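# Report on the structure
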Amino acid sequence: MTEEQKIVFLKDIELFRDLNDEELRHLAANIEKIQLRPNSLLFSENSPRKNLYIIYDGEIELYKTTPFGEEKRLAFFRKYDFLGEGSLMDDYPHSTTARSILNTTVLAISREKFEALVPRQPSIAFKVLSRVSRVISRRMRMTSTRIVNAGAQYISGRTRTEHDLLGDREVPYEYYYGIQTLRALENFNISGVPLSMFPVLIEALAMVKQAAAEANYELDDLSGEIRDAIIRACGEIIEGKYHTHFVVDMIQGGAGTSTNMNANEVIANRALEILGFDKGDYEHCHPNNHVNLSQSTNDVYPTAISIAIYNSNRKLTEVLSRLIAAMRKKGREFAHILKMGRTQLQDAVPMTLGQTFDAFADTLREEIDRLEQNALLFLEVNMGGTAIGTGITAEPEYSEKVIGHLRRITGLDVTLAPNLVEATSDTGAHVMYSSALKRLAVKLSKISNDLRLLSSGPRAGLNEINLPKMQPGSSIMPGKVNPVIPEVVNQISFKVIGNDLTVTMAAEAGQLELNVMEPIITQSIFESIEMLKNGMMTLQMRCIEGITANEEVCRRTVENSIGLVTALVPTLGYEVCTQLAKEALENDRGVYELVLEKNLLSKAELDKLLDPRNMITSQKRD
């Protein structure tokens, strides 16, 4: 690459728009070319920032690693995009990792060379750093309540004019969404949680749009060229690209129209690029006329939600299965440890600590069956019903064709509802599934309560188990450690229970041929799934796997418990055993010594009956 080629390229970069040719020449002389093969790292999370990187060709993926080791995609960068502009100002570590997807050429300027350039060309530093500060300010505005989207596209001064029913608006050129999404952003600044927080829903929307394009092409309603562009755009979205452009709030008026139009606009504008046109040149691929052809929000939105919930459920049950396995492992580890079982917080009869954890595992195992059973309800969809289920604006054969393509694209056994009018207004599946989420939450909360009780103390409580020490527990009491992980699972459970009530009320509030409250139903269910997944991973990895037993404490409680007298009832009768228990409590005596003292049984008979190991399961009477 010659210096002249570098200069021509740099003129199109947002950061260098203010530089004249002479300044660009000085800058170009300090720029290094980097060649990357696919899957090569440009920089990694927590490494010091050293360079400003500009993509000359190819593609770079930006991602962040979660505390559980999962990679969360943030954005994809292509020609003319840049990363690491903050390195020109400081060496603060990268918060993300950048990896090449294709053979990629990157131009880099190091902070060291840039600083050396400043005394010789102070105007370059002033102009470039002014642009950098603007870019950083814009990116900060893309911050959500959960993660800073470090890959958010920069906003240049360039715009495009778009038109809708209400008039004209200027849309920043880099955005793939259009005017209707822009209005939704202004109208629905509600929860601060955009569609991009739930990639599985965005992927489902792209799957539905792809199936529709396939069906419309077969019915001669869509040209092959536009179909191919839409399919490619949808495929890229399914792969995880352009998710940062799905920006509307999960909670919105309009029964999901803003979500549908966000998808239509992003797909249309990416398809336009594929076709060789500019974003916003809708004459060649229109969000409504082409991407939304034969569709309505009222069949697209619920169908996409159904697919997304079904796929989310599979991830949820995978996390639940791992938690169950951790419980099972503890059950085996503690199988030999005797302890007192309790009812109404009072001593009952002996059991093993292993039985406690086996019971936790079994009660959660039932929830996998319930979740999977209710998730199957979402495989029946109303695609092709359009506005109210009558199929207006769609060809008679459209429903059958779009369902066939949807089955192939999703890999799911999707079926068409027998009555599309009913299916368009009904949210019964959401009520059932939300109830299953609530049931899981209730059980997780109950288990968390038990863990807190069993670990209470350590000196003035039950103290039968030790939870992993995760953080200091008090700002005033030295040495105190709290059961913070079970506590947060309790709170997650309360939120899920509240979300279930929201789903119930919203399902009831739908009128006539459409339930306009589906956005809050959707947000509530996805929020519950996400919190339960995170909560169960946290419970498994930061609590269950690290639990240890206080075996000596467990043994003493069994030996000293009045509950042992229960084992004597079949032999001595309820009345006699009641008197023994009363006397033992009042005189601080042991049941064992009282039975022998009163000659009620021989020592051999008593030892056999009161052997705790014989009391942890049913026994055949002699």
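Description of the structure in this document. Along each chain, residues carry numbers from 1 onward, in the same order as the chain's sequence is written. Two thresholds apply to this predicted model, a pLDDT of at least 70 for residue-level local features and 80 or more for giving and counting side-chain atom pairs, whereas whole-chain, interface and lining totals are computed over all residues. The side-chain figures draw on all heavy atoms in the structure; neither hydrogens nor water molecules are used.

The subject of this paragraph is the overall build of the chain. Only DSSP runs of H or I reaching four residues or more are called helices, and only runs of E reaching two or more are called strands; each is numbered from the N terminus. Tallying secondary structure elements over the chain gives 21 helices and 16 strands in all. Taken along the three principal axes of its C-alpha coordinates, the chain extends 110 × 70 × 40 Å. The classification of residues rests on relative accessible area computed with a 1.4 Å probe and restricted to protein chains. Under 20% of the type maximum is buried, over 50% is exposed, and intermediate values are partly exposed. Across the 622 residues in the chain, those meeting the buried criterion constitute 52%. Shrake-Rupley sampling with a 1.4 Å probe provides the accessible areas, and residues are treated as covered by the protein chains on show and by no other component. As displayed, the chain has an accessible area near 28600 Å², and 51% of this comes from carbon and sulfur atoms. Of the charged side chains in the chain, 69 are positive and 82 negative; the average position of the first set lies 6 Å away from that of the second. Charge assignment in this entry is limited to Lys and Arg as positive and Asp and Glu as negative, and neither His nor the chain termini are counted. Charged side chains are reduced to one point each, which is NZ for Lys, CZ for Arg, CG for Asp and CD for Glu.

By size, the foremost hydrophobic cluster in this structure holds 114 residues, and its most contacted members are Leu201, Ile230, Tyr433 and Leu451. In terms of residue count, the dominant contributor to this core is helix α10 (residues 297–333) (15 residues). Contacts between residues were defined by any pair of non-hydrogen atoms, one from each residue, lying within 4.5 Å. Apart from residues lying up to four places away in sequence, leucine 451 is in contact with Phe357, Phe360, Ile465, Leu467, Pro486, Leu539, Cys543, Ile544 and Ile547. What makes a nonpolar core is a set of buried Ala, Val, Leu, Ile, Met, Phe, Trp, Tyr and Cys residues whose side-chain atoms join them at distances within 4.5 Å. Counting 24 residues, the second largest nonpolar core, distinct from the first, contains Ile13, Leu19, Leu52 and Ala125.

What follows covers a nonpolar patch on the surface. Patch membership is restricted to residues that have no salt bridge and whose relative accessible area is over 30%. Joining uses 9 Å for like charges and 5 Å for the nonpolar side chains Val, Leu, Ile, Met, Phe, Trp and Tyr. Salt bridges, as used here, are contacts in which a Lys or Arg side-chain nitrogen is within 4 Å of a carboxyl oxygen on Asp or Glu. Residues Val442, Phe494 and Ile497 make up a contiguous nonpolar surface patch of roughly 260 Å² in combined accessible area. Structurally, valine 442 is set in helix α14 (residues 428–454).

What follows covers the packing of helix α6 (residues 199–218) against α10. Between the N-to-C directions of two axes lies an angle of 0 to 180 degrees, each axis being a line fitted to C-alpha atoms and, for a helix, fitted only over the stretch in contact. Where α6 meets α10, the axes come as close as 8 Å, and the angle between the chain directions of the two elements is 130°. With respect to their mutual orientation, α6 and α10 come out oblique. When you trace α6 past α10, the crossing you get is right-handed. Together, Val200, Leu201, Ala204, Leu205, Met207, Val208 and Lys209 of α6 and Val300, Thr303, Ala304, Ile305, Ile307, Ala308, Asn311 and Ser312 of α10 make up the contact between the two elements. Looking at the contact of α6 with α10 residue by residue, the classes come out as eleven nonpolar, three polar and one charged. Orientation labels follow simple angle bins: below 35 degrees gives roughly parallel, above 145 gives roughly antiparallel, 65 to 115 gives roughly perpendicular, and whatever is left gives oblique. Two helices that cross are described as forming a left-handed crossing if the nearer one is turned anticlockwise from the farther one by less than a right angle, and a right-handed crossing if clockwise. Under the grouping applied here, Gly and all other residues not named as nonpolar or charged are polar, the nonpolar ones being Ala, Val, Leu, Ile, Met, Phe, Trp, Tyr, Cys and Pro and the charged ones Asp, Glu, Lys and Arg.

Glancing now at the pairing of strand β8 (residues 104–110). Most of β8 is tucked away: seven of the seven residues are buried. Burial along β8 is two-sided: Thr104, Val106, Ala108 and Ser110 facing one way and Thr105, Leu107 and Ile109 facing the other are all buried. Sheet topology note: the strand β1 (residues 32–36)/β8 ladder contains five bridges and is antiparallel. Looking at the pairing, leucine 36 lines up with threonine 104 of β8. Strand pairing is assigned whenever DSSP identifies at least 2 bridges connecting the two strands. As paired elements, strand β3 (residues 51–57) and β8 share six bridges and run antiparallel to each other. Bridge pairing in β8 places tyrosine 53 opposite alanine 108.

The next thing to look at is the sheet that holds β3. The four strands are arranged β1-β8-β3-β6 in an open sheet whose pairing can be described as antiparallel. This sheet does not close on itself; its edge strands, each paired only once, are β1 and β6 (82–83).

Judged from the six bridges that link them, strand β4 (residues 60–65) and strand β5 (residues 71–77) form a sheet pairing that is antiparallel. Among the inter-strand pairings, leucine 62 is bridged to a residue of β5, identified as alanine 75. For β4 and strand β7 (residues 97–100), the ladder comprises four bridges, and the chain directions are antiparallel. The partner of leucine 62 across the bridge, within β7, is alanine 98.

Packed helices, taken two at a time, are described by the angle their axes make and the gap between the axes. Between helix α5 (residues 179–187) and helix α8 (residues 257–275), the least distance of the axes is 8 Å, while the angle of their chain directions is 140°. As the angle between them shows, α5 and α8 are arranged oblique. The interaxial crossing formed by α5 with α8 has left-handed handedness. Each of Ile179, Gln180, Thr181 and Ala184 in α5 lies in contact with α8, whose residues at this interface are Ser258, Met261, Asn262 and Glu265. When grouped by side-chain class, the residues that make up the contact of α5 with α8 number three nonpolar, four polar and one charged.

Glancing now at the sheet that holds β4. Taken in spatial order, the four strands line up as β2-β7-β4-β5 in an open sheet, and their pairing is antiparallel. Strands at the two margins of the open sheet, each flanked by one partner only, are β2 (41–43) and β5. Each strand axis lies, on average, 30° off the axis of its neighbour in the sheet, ignoring direction.

Relative to the helices and strands, proline 199 resides in helix α6. When the C-alpha positions of proline 199 and phenylalanine 246 are compared, they lie 9.4 Å apart, and in sequence the two are 47 residues distant.

Bringing α5 into the picture now. For α5, every residue scored as buried is listed here: Ile179, Thr181, Leu182, Arg183 and Ala184. Of the surrounding elements, those touching the buried residues of α5 are β9 (159–164), β10 (167–172) and α8.

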